[in-house]
Amino acid sequence: ERLLFTWALRHPSTSYVQGMNDIVSPLFIVFLGDYFGGKNMESGNEIASVCDKTLSEVEADAYWCYNKVLSGLLNQYVPDMPGVHQNIESS
């Protein structure tokens, strides 16, 4: 939640659009799993036992990865979605 809010504040041209959470969730799960020795974290049940410091670190790692991933997809998420239109036209 904070991760996407921070993204929206730092990127006002895109803000938040539907589907961004689908990109963030796997990143968050992978980084959180690293704190649990690679354990599968998909159920989300273990998150209650994670201290705030660890969650902040996971959130920061996921944010910067998300930032890098979205930097290549930004045209898909800005108003009028020129990247999507370009992909459709080239198909």
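Residues numbered from 1 in each chain as written. Predicted model: local features only at pLDDT ≥ 70, side-chain atom pairs only at ≥ 80, totals over all residues. Heavy atoms only, no water.

Caption draft 1: Expanded view of the nonpolar core. The biggest cluster of nonpolar side chains holds 16 residues, and the ones touching the most others in it are Leu3 and Tyr66. Setting aside residues up to four positions removed in sequence, Leu3 forms contacts with Val24, Glu59, Ala62, Tyr63 and Tyr66. (Core = buried A, V, L, I, M, F, W, Y, C linked by side-chain atoms within 4.5 Å. Buried < 20%, exposed > 50% of the residue type's maximum accessible area, 1.4 Å probe, protein only. Contact = heavy atoms within 4.5 Å.)

Caption draft 2: Expanded view of the packing of helix H1 (residues 2-10) against helix H3 (residues 52-71). Where H1 contacts H3, the two axes come as close as 10 Å, and the packing angle between them is 45°. One finds that H1 runs oblique with respect to H3. The handedness of the crossing between H1 and H3 comes out as right-handed. Between H1, through Arg2, Leu3, Leu4, Thr6, Trp7 and Arg10, and H3, the contact on the second element is made entirely by Ser56, Glu59, Ala62, Tyr63, Trp64, Tyr66, Asn67 and Leu70. For the contact of H1 with H3, the class distribution of residues is eight nonpolar, three polar and three charged. (Axes fitted to C-alpha atoms, helices over the stretch in contact; angles between N-to-C directions. Helix = DSSP H or I, 4+ residues; strand = E, 2+ residues; numbered from the N terminus. Parallel < 35°, antiparallel > 145°, perpendicular 65-115°, else oblique. Left-handed = near helix turned anticlockwise from the far one by under 90°. Nonpolar A, V, L, I, M, F, W, Y, C, P; charged D, E, K, R; others polar.)

Caption draft 3: Geometry of the environment of Lys53. Tracing the chain through its elements places Lys53 in helix H3. By relative accessible area, which is 57% here, Lys53 ends up exposed. A distance of 2.5 Å separates polar atoms of two side chains, one belonging to Lys53 and the other to Glu57. (Polar contact = N/O pair within 3.5 Å; in protein donor to acceptor, adjacent residues only side chain to side chain.)

Caption draft 4: Here's a closer look at the pattern of salt bridges. Counting across every chain of the model gives two salt bridges. Across the pair Arg2 and Glu59 runs a salt bridge whose closest N-O atoms are separated by 2.6 Å. One end of the pair, Arg2, is in helix H1; the other, Glu59, is in helix H3, and 57 residues separate them in sequence. For Glu57, the salt bridge identified is with Lys53, shortest N-O distance 2.5 Å. Taken together, the residues Glu57 and Lys53, both in helix H3 and four residues apart, mark about one turn of the helix. (Salt bridge = Lys/Arg side-chain N within 4 Å of Asp/Glu carboxyl O.)

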